[in-house]
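Close look at the chain arrangement
Listed here are the chains, written in short residue letters.
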Amino acid sequence: MTDTMKSCYQQLNTFIDSYLATLNLILEERDDYELTEHAIDSFESFCEIRIEAPNYQRDYEFLIDRFTQLCHNNDPQDKIKFRYLGLRGHHALIRRTSGDELHNDIWKHMNQIIPSIVFNMERQESPCRTTTDTIAPDQIIVMTEKLTKDDLFSLADTILKDLFCRAHLNNIPACVEPLLIHLDEHNKWIPVDFPLFVFSEIMNSIKRYNNYVVIDLLLNHLEKHLEYNDPKYIKTSVMNILRQCLVFAATNKEAGSTIFSGVSRLLKCLKKSFYNGAKLAGTSTSQRQEEKFQNTVIDGIRDFAENLPDFQMMEIMYKIITSLPSSNQQYEDQTEHIRETNFRFQLLLLEIIQKIAITYQSTQHDETKSTQTTFPKQLFDPLLKLMGTSIAEIRLIILEILILLIDKRRYAHKLRKIRISKDISQLNLSIITKTTHLVDLSFMKKYGSKFLTQLYNCLLMDNNTKDIFYTIYCLMSLITFEDGDKDIIVDMIHFCVNIQTRILKTSDEDSIKLSTTTCYCIHALIAAFFNLISKSYEITTFSQYVDDVINHREQCTPYLLPPNAFHSSTRENSSKHIPKECLFSEQTILHTLKASDYDISRFKRTICYESEADVPGGENHDEIETDDSISSQLDLHNEDKQEEIPHVSIHQILNSNQNHRFIKDFHSKPLHELKFLANAKQKHVNQHIEQVLNVRYSSKDNSSNNEQLRMHKDKFHYPELFIN
């Protein structure tokens, strides 16, 4: 029969149905191994013949059933041989039909074929595949010819790779879903080694641009186990596999928008697990299992981000920070337990961002990267808003994240402590020799006002710890060093002077209440910052003045200098009165900067401070940049100075208030009301134009000319921009 089929392959369609019917009868002999082997050999020869006009109505269902039975054969003596024949039959059928897009019969039976393959892969252990090279179908065919009859595992592995290598986009779910069901029903998720190996083979065999389909199916399966709250905690194993698949996709540059949406789904799974774990006892097994799952999710997101380019890593951080629960959403009916859980979940997400930022600094970040690339506006704004939150732990993490992202020259570890260095060269800061990107300067001049606004709020928090002050000092220094522009230096000095003025007035103001401890720490921070900047940039006159103030403090008020300011024992014995010589005078600073050719006119810029929401997604959008000064939005007035206010300044203030009212109306009033106001104003303008034109026309004596001018006026069409 086999010889007849091979010799008459051109007329195969005439007797192919009879051939398959005969083959079915032969395969019904279940115990005759030799006859079954001949039937499989004949079927493999049949599958190798190319049919010019295939019959798409032909059904192979009986053969698939018989091959599946052979794959699960339990004959005491020949089960391995029978299983080997069943796998060969499945493989021949896959090679016969999977390459034809019009023949969908084979994909309907994956619920039988996939379990048969995976069942025979379980019998041996194999190290997890780590290569990222995709295998071609022709390579798999060659590998099949070299296998021995006793090597079930290798044959099953080869068939699985061949199947997924041939699978198109729409056929992948038909192959993966039976695999997931098989692993569920037979409890093969734990230990994770075997399913991890299977999916590594799949990811290495599948077309790389289809990786996201496997990841999406695994996410669906993970969410299903989260809904059922499975007691076996299969979700941790599923997450481990998903983690490897995400890393594989990122390594092969196939992390598209669909995979990024998977990160958002992982964050939702993390949130659900976190809140479920918060309801459990702290020492229970369930609680420990939930924590294990959460750590796996965190590691998965971090490992995925590690293998992404810069801009995609920033996108991951943005997705995480926008998923933070807002502290403004703490309603009165919430219990203390819920508020504590929200707070701990916020810290958990911020720690993920911090881990990604550490990776970004160590693997991706260098001096060639601009600040504009590091801080897209979508990420920069929520980070700054969180910097002004009232929760000290969150502020500290946000400051650490900003330092990691800004520190391109690896100076942070040298600036971690607030100290007065007499010899600044000991810090080994090669500041003057470093070049500054023009993009960085434009970035700071555009967003620097927002940065100092939130830094102002952060400094004036009375619950600031020693670590927070150290981190703020490091961040201020890095901002100045990374830009290295004279205008930025002047703005930072101006900011510090105004902060000093503000904390000296806190005792007389009810809006800001700072303890003596916080005020002394701020004084010490400002002194250390002035000392560092003046000596680093060799501003001689300013540096001499800073040294004079520091010397006076050492003699009269040592509690205003580091490290004394941060020691509680020193502060308890300190006096509340601070001599004038121990404070920095704005007039003296102006003279010293002017002597060093710095633009002191930036000290005269209008300063306007507006508080913002302390969390991402806040409702306050009244942010107006009046100029390029990085302190232009701060309400930091030096109330000691008394000077005459000229008419021009009053006019500017009035104009500024008018602009504020206009912006406020634009943000608060509905569209139809704004349109009504615009139309009313336009009508008023049109009336004035009509009056001017009428006076012009009435001055003409010639009535005919007047009539022509009037007709010309009536035909004149104003641009729609000035009408609607």
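This section reports on the structure supplied with the text. Being a predicted model, the structure only gives us computed values, none of them experimental.

This part is about the overall build of the protein. Scanning the protein for helices and strands turns up 29 helices and zero strands. Restricting the contact set of the protein to residue pairs at least 6 apart, pairs at least 24 apart contribute 77%. Total accessible area on the protein is roughly 35900 Å²; 50% of this is exposed by carbon and sulfur atoms.

All told, the structure shown has 17 aromatic pairs when counted by the stated rule. Centroid distance Tyr33 to Phe82: 5.5 Å. Interplanar angle 90°. Geometry classified as edge-to-face. With Tyr33 in helix α3 (residues 33–48) and Phe82 in helix α5 (residues 79–97), the pair connects residues that are 49 residues apart, well separated along the chain. Both residues of the pair, Tyr33 and Phe82, belong to the buried class. Taking the centre distance of 5.4 Å and the plane angle of 75° together, the rings of Tyr470 and Phe566 count as edge-to-face. On the criterion of sequence distance, the pair formed by Tyr470 in helix α21 (residues 466–483) and Phe566 in the loop between α24 (540–556) and α25 (568–572) is long-range, its members being 96 residues apart. For Phe566, a relative accessible area of 9% gives the class buried. Taken together, the ring pairs connect Phe529, Phe530, Phe542, Tyr545 and Phe584 into an aromatic cluster.

Here the focus is the packing of helix α4 (residues 61–71) against helix α6 (residues 110–121). Helix-helix packing is characterised by the crossing angle of the two axes and by the distance between the axes. Direction vectors running N to C along α4 and α6 enclose 20°, while the axes themselves pass 9 Å from each other. When the interaxial angle is binned, α4 and α6 end up roughly parallel. For the crossing formed where α4 meets α6, the hand is left-handed. Touching Ile64, Asp65, Thr68 and Cys71 of α4 are Gln112, Ile113, Ser116, Phe119 and Asn120, all from α6. For the contact of α4 with α6, the per-class residue count stands at four nonpolar, four polar and one charged.

All right, on to the side chain of Asn342 then. Relative to the helices and strands, Asn342 resides in helix α16 (residues 336–364). Taking the relative accessible area as the measure of exposure, Asn342 reaches 13% and is therefore buried. At a separation of 2.4 Å, a polar atom in the side chain of Asn342 contacts the side chain of Tyr275.

Tracing the sequence through the fold places Cys175 in helix α9 (residues 172–185). A residue is classified by how much of its surface remains accessible, and Cys175, at 0% relative accessible area, is buried. Not counting chain neighbours up to four residues away, the residues in contact with Cys175 comprise Trp107, Met110, Ile114, Leu163 and Phe164.

Next up on the list: the pattern of salt bridges. Scanning all chains against the criterion turns up 22 salt bridges. With its nearest N and O atoms 3.6 Å apart, the salt bridge here joins Arg602 to Asp487. Of this pair, Arg602 sits in the loop between α26 (586–595) and α27 (647–668) while Asp487 is found in helix α22 (residues 486–504), placing the two residues 115 residues apart along the sequence. Comparing Arg602 with Asp487, the two get one shared label, buried.

Calculation notes
- Residues numbered from 1 in each chain as written.
- Predicted model: local features only at pLDDT ≥ 70, side-chain atom pairs only at ≥ 80, totals over all residues.
- Heavy atoms only, no water.
- Helix = DSSP H or I, 4+ residues; strand = E, 2+ residues; numbered from the N terminus.
- Contact = heavy atoms within 4.5 Å.
- Areas by Shrake-Rupley, 256 points an atom, 1.4 Å probe, with all protein chains shown as cover.
- Phe/Tyr/Trp six-rings, centres within 6.5 Å; stacked < 30°, edge-to-face > 60°.
- Buried < 20%, exposed > 50% of the residue type's maximum accessible area, 1.4 Å probe, protein only.
- Axes fitted to C-alpha atoms, helices over the stretch in contact; angles between N-to-C directions.
- Parallel < 35°, antiparallel > 145°, perpendicular 65-115°, else oblique.
- Left-handed = near helix turned anticlockwise from the far one by under 90°.
- Nonpolar A, V, L, I, M, F, W, Y, C, P; charged D, E, K, R; others polar.
- Polar contact = N/O pair within 3.5 Å; in protein donor to acceptor, adjacent residues only side chain to side chain.
- Salt bridge = Lys/Arg side-chain N within 4 Å of Asp/Glu carboxyl O.

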